Amino acid sequence: MNQNTDILTSLNPEQADAVTANNGPVLILAGAGSGKTRVLVHRIAWLIQQQQVAPHDILAVTFTNKAAKEMRVRIESLLPFSIAGMWVGTFHGLANRLLRAHYQQAKLPQTFQILDSADQLQMIKRICKDLELDPKKWPPKQFQWMISDHKERGLRARHVNPEGDYQLQKMHTVYQQYEETCQRAGVVDFSELLLKAHEVLLENPTILEHYQQRFKHILVDEFQDTNKIQYAWLQLLSSQHKGIFAVGDDDQSIYGWRGAEVENIRNFSNEFPNAQMVKLEQNYRSTSNILNAANALIENNAQRLGKKLWTDSGEGDRITLYGAFNEIDEAEYVIKQINRLARDGVRHDNVAILYRSNAQSRLFEEQLMRSNIDYKVYGGLRFFDRKEIKDALAYLRLIANPHDDAALTRIINRPTRGIGAKCITSVQARANAEGITLWQAIETLTKGTELTARTAYVLIKFTQLIESLQQQSTTLSLEDMVTNVVETVELHTLYEKEAPESAATRRENLIELGNAAAQVSSELDGEDPLSTFLAYTALESSEEDDETADRNCVQLMTLHSAKGLEFPVVFLTGMEEGLFPHSRSMDDPDQLEEERRLCYVGITRAMQQLFLTHAHVRRMFGEAKYSMRSQFIEEMPEELITDVSLPAKPKAAPISEPTSLFDEPDMEGMPFYLGQHVAHSKFGEGVVLNIDMQGVHPKVEINFNDVGNKLLNMEYAKLTPLE
DNA sequence: GAATGCGAAGGCAGG
DNA sequence: CTTCGCATTC
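Quantities reported herein were computed from a predicted structural model and do not represent experimental measurements. (Residues numbered from 1 in each chain as written. Chains lettered and ligands numbered in written order. Predicted model: local features only at pLDDT ≥ 70, side-chain atom pairs only at ≥ 80, totals over all residues. Heavy atoms only, no water.)

Visitor: Just to check I follow, could you spell out the sheet that holds strand 7 (residues 244–248) for this structure?
Guide: In any sheet, the strands associate via hydrogen bonds between backbone groups, in a parallel or an antiparallel arrangement. Spatial strand order, 3-2-6-7-1-8: 6 strands in an open sheet with parallel pairing. Each edge of the open sheet carries a strand with a single partner, namely strand 3 (87–90) and strand 8 (276–280). Strand-to-strand, the axes of this sheet are offset by a mean angle of 15 degrees, without reference to chain direction. Relative to strand 7, strand 1 (residues 26–30) runs parallel, the two being bridged by 4 bridges. Of the residues in strand 7, the one forming a bridge with Val26 is Phe245. Contacts from helix 11 (residues 228–238) reach strand 2 (58–62), strand 6 (217–220) and strand 7 within the one sheet, and its direction differs from that of strand 6 by about 160 degrees. (Pairing = 2+ DSSP bridges. Helix = DSSP H or I, 4+ residues; strand = E, 2+ residues; numbered from the N terminus. Axes fitted to C-alpha atoms, helices over the stretch in contact; angles between N-to-C directions. Contact = heavy atoms within 4.5 Å.)

Given below as C-alpha cells:
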C-alpha cells in the first residue's frame, strides 16, 4: 500500500475531495460529526507527503489549545517524521508568538505580560475611579465589554468618534486611558494580542512579506468562530499564496457574543474569489432520530448556507423528554436515569450532562455526590485562575516586569505589609498625574518628602522585596523561582490566616504551580523562561493533564464547552424559556438564532441517546421562577420524542409561598394554576406565571407568547384555560 | 491600617 | 445565592 492510499482510503468521497482540493481558497462546510478534524489532519499529511510541502510552510490555526494539541498528535501519528517546524496553535497563542518575535515593532517590552479578563476589569475599575465615574451609572463591566468589542472589530480609541453621544464620550475617555495605562505597564489583554499582531503585520511590510512567503498553506479550524481581526489576519497572511483552507459550520457558530462573525463563513465565496466549497454531510456519530431532530430544529434559522446531516446507521432510540416539577426533581431524574443506564452497562464516562450556564452544575453535583457517582465538571475555575496561583503569578510578573500595574495592585499588600488604601491611592494619584507606572510613582514618592516616614518605609521595603526577588531569580531555574517566591513572601501563612480549612489545598496547588513551571522550562526552545511561563499560564487552561483522564466519571459542562465533543448519552438540561434560550437573547432574532445553534450543537453531541429535561419551577437568585418549556423542544418533530413527564398536578399556589406549589392546594375554586396555558381574547395565548390572591383584586401574571408578561386583574380578564 | 460585618447588587457563554 | 464595596470597630 503506498502512502497515497494510506492517507485517502479511510475517507469517504467528500472527505477525499476536501483533502485533495486545489491549493486555492477552499471552504469545507463540515457538519457536526462529519469527520472535520480527520479532514484537517489528512489534508496536512497529504500536503506534506503528496505535494512535498515542507511542514515549515504550513500554518494551522484553532481556537482551543486542546484542538491544537490533538491536531499535532494526530498528524504526527500519520507521518513517519516530526512536524516541529509547522506552526500549529490557537489564534491567541500564535499572536503571542508573533509579538514576542517582533516586540520592538509592537512597541512592547520583551517581557510583556498578558492580562486576563479579571485583571482587565480591575484596571478598568481603577480608571473609572480616577475619572470619578459613579459605578452605578457607569458599570466598569460595560466599559470592559465595549473595549473588547471595539478591539475585536479592529477599532482603537482613536477610531472612536465621540462627538454627540454622551455615552460614547465616556467610553472614549476610559478606552483611551486604558490603552495608555496598558501601554505604560507593558501589558496586553486577550483581544489586544490579536489586534496588535495584526497591526505589526500591517505596519511592517518586510515582516508581513516574510510570513506571506512562508505560509503557503493556512488551515483554519472552526472558521465560523473567527472575528473581524482574526479574519483580517487570515486574509493578510494568505494574500500571496491564496492557500487558505477553512473548515467550519455556520450552524455551529455560537460565539457571536465575543465578536465572532458568522458572516465570515457565509460570505467566504464572495470574499475569496474562485473558492471551492466541499460539504461534509454524512454523520458518523449519531442515530438518525437524533440527526432528524437536529435538522428540524436548525431549519428554523433563516440565514444558513444550508446543509442536511444524514447517516446510514439506524434510527436508534427516540429522544426522551422529561418535564420536572422543579430543578431538584430534574436533577434527581437525571441521576435516576444514569443509574438505570449503568445497570444496562453504560459507563458513567459515556454520559454527559449539558447545561446553558455554569451555575446549573451545582444541583447535579450535589445529587451525584449523594449518589456516590464520580463526576467531573469542565470549564469551571481554571487552575491558573485560583487565588493562590494568581497571587504567586503576580509576584512572578513583577519580577519579569515591575511596571505591570495590574500585578502590582494585586499583591502590594498581600500578605499585608502596612500598605493601606490611603497609601495606594496616593501612589495612583501620582502615577496618573505624571503618566507613569505605579512602580515609577513609588520610586518618585519615596524619594520626595510628601510621605510620612512610616509610609515611605513600608513602600521602600516593598520595592526592596521585589528587587531582591529579581536579583535571586537571575541564578534560579524557573521552578526554583516559583518556590522561592512562595517561600520568601510566605504566601501559605496568608492562606492559613484567611481560611485555614483550605490552606492545605492552596499549598498543594502552589506546589503544582512549581511542577507546571518545571514542565514548561523543559520544553523551552531558547525563549526567556519566565515570560514564556507567564504567557503559558495566561493562554493555557491546563485542564486535561491529570488523573481524571481515566476515572470513570460523568461529564458535566456547558453547551459551549461541549462543542467538538461527543458522548453516547447526553442530557440536555434546563430547556426552559428564559434560561435556554436565555432571556437576554429572546427578543433579538439574530441572538435567538445563535441560541438555536447552541441547541443544535447540544443535540449533535449525542451518539445514541438524548434526554431533554426542563423544570416548571426553578429557584433563581433566591426566588422561584416559573417557565414554559423551551421553544426549541417544540421545534423538534413530535414523533421523535417520547414524553415521560409525570402528569401535571393542577394546583394553585399563593404568590407568597411559591415553594408550596405542589403540596398545598389551599385555594379552592381557583380557576388557574401556575404553569397553565391560557388564552386571552386580546393578547392571545400564554402561560400563568404568578397568582396573587392578596388584596381586594386578585391578579394573575401571564407570559403571553406574543406580547410578553402582563399583570391582569382576574375579575375582568377574560381568560380561557387551554388544558 | 487591618479585620470584621453588613447590605446591596448582580448574576450567560470563554481565551 | 454569591460576590463586592463600604462602613464600623479594633
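Visitor: In this structure, what is going on with the nonpolar core? I would like to understand it.
Guide: Generally speaking, soluble globular proteins have nonpolar side chains that are buried together. Tyr395, Leu396, Phe462, Leu491, Leu513 and Phe533 are the most contacted members of the largest nonpolar core, which totals 50 residues. With 9 residues, helix 17 (residues 387–400) is the single largest residue contributor to this core. Residues within four places of Tyr395 in sequence aside, it is in contact with Ile411, Arg414, Pro415, Arg417, Leu465, Ile466, Leu469, Val485, Val489 and Leu491. With 44 residues, the next largest nonpolar core counts Leu27, Leu59, Leu195 and Leu234 among its residues. (Core = buried A, V, L, I, M, F, W, Y, C linked by side-chain atoms within 4.5 Å. Buried < 20%, exposed > 50% of the residue type's maximum accessible area, 1.4 Å probe, protein only.)

Visitor: Help me understand the protein's contact with DNA strand B in this model?
Guide: The local shell around DNA strand B holds 26 residues, among which Arg356, Asn358, Gly418, Thr558 and Phe621 are the closest. Sugar and phosphate atoms constitute 46% of the interface atoms of DNA strand B, taking the interface as everything within 4 Å of the protein. Arg356 is positioned such that a nitrogen or oxygen atom in its side chain is 2.4 Å from a base oxygen of DNA strand B. The separation between a sugar or linking oxygen of DNA strand B and a polar side-chain atom of His582 is 3.4 Å. The residue makeup of the surface near DNA strand B, split by class, is 7 nonpolar, 12 polar and 7 charged. (Near = heavy atom within 4 Å. Polar contact = N/O pair within 3.5 Å; in protein donor to acceptor, adjacent residues only side chain to side chain. Nonpolar A, V, L, I, M, F, W, Y, C, P; charged D, E, K, R; others polar.)

Visitor: So what exactly am I meant to see when it comes to the pairing of strand 6 here?
Guide: A regular strand places its side chains so that they alternate between the two faces of the sheet. Residues His217 and Leu219 line one face of strand 6 and the alternating positions Ile218 and Val220 line the opposite face, and both faces are buried. In the sheet, strand 2 pairs with strand 6 via 4 bridges, with the strands oriented parallel. Each bridged residue has a counterpart across the sheet, and for Ile58 the counterpart in strand 6 is His217. You can see the chain leave strand 6, run along helix 11 and come back into strand 7, and the turn it takes is right-handed. (Right-handed = clockwise from strand over helix to strand, strands pointing away.)

Visitor: Where do I start with the packing of aromatic side chains in this structure?
Guide: Working definition: an aromatic ring pair is given by the centre-to-centre distance plus the angle between the planes. Under the criterion given, the structure shown has 17 aromatic pairs. Connected via pairs of aromatic rings, a cluster forms that spans Phe223, Tyr231, Phe268 and Phe272. Over the ring of Phe112 we find Arg100, and its NZ or CZ is 3.7 Å from the ring centre. Positioned over the ring face of Tyr255 is Arg258, at 3.8 Å from the centre of the ring. (Phe/Tyr/Trp six-rings, centres within 6.5 Å; stacked < 30°, edge-to-face > 60°. Lys NZ or Arg CZ within 6 Å of the ring centre and 35° of its normal.)

Visitor: Help me understand the domain arrangement of chain A, please; the structure alone is not making it clear to me.
Guide: When the parts of a complex come together, some accessible area is lost, and that lost area is often taken as the interface size. According to the domain assignment, chain A contains domain 1 (13–103 + 194–282), domain 2 (113–185), domain 3 (290–381 + 548–643), domain 4 (390–426 + 438–540) and domain 5 (648–723). Between domain 2 and domain 4, the C-alpha centre-to-centre distance is 26 Å. Tallying the contact residues gives 11 residues for domain 2 and 15 residues for domain 4. Each partner contributes to the roughly 990 Å² buried at the junction of domain 2 and domain 4, and carbon and sulfur atoms together form 51% of this total. Broken down residue by residue, the surface that domain 2 buries against domain 4 is led by Gln113, Ile114 and Ala185, which jointly contribute 57%. Inspection of the domain 2/domain 4 interface yields 4 salt bridges. With a closest N to O distance of 2.5 Å, Asp116 and Lys390 form a salt bridge. Contributing elements (two or more residues each) for the side of domain 2 that touches domain 4: strand 4 (113–114), helix 6 (117–130) and helix 8 (166–185). The leading source of residues in the side of domain 2 that touches domain 4 is helix 6, at 4 residues. (Domains from an automatic or database assignment. Buried area = accessible area lost by both parts, 1.4 Å probe. Salt bridge = Lys/Arg side-chain N within 4 Å of Asp/Glu carboxyl O.)

Visitor: Help me understand the pattern of salt bridges, please; the structure alone is not making it clear to me.
Guide: Side chains that differ in sign of charge can pair as their charged atoms come close. Taken as a whole, this structure holds 41 salt bridges when the rule is applied. The residue Asp225 makes a salt bridge to Lys563 at a minimum N-O spacing of 2.4 Å. Remark: Lys563 occurs in the loop between helix 26 (559–562) and strand 13 (567–572) and Asp225 occurs in the loop between strand 6 and helix 11; sequence separation between them is 338 residues. The exposure class assigned to Asp225 is buried, which follows from its relative accessible area of 5%.

Visitor: Mind showing me how you'd approach the pairing of strand 10 (residues 351–355) here?
Guide: Judged by how many residues are buried, strand 10 sits mostly within the fold: 5 of 5 residues are covered. What you see with strand 10 is no split at all: Val351, Ile353 and Tyr355 on one side and Ala352 and Leu354 on the other are buried throughout. Relative to strand 13, strand 10 runs parallel, the two being bridged by 4 bridges. Looking at the pairing, Leu354 lines up with Leu572 of strand 13.

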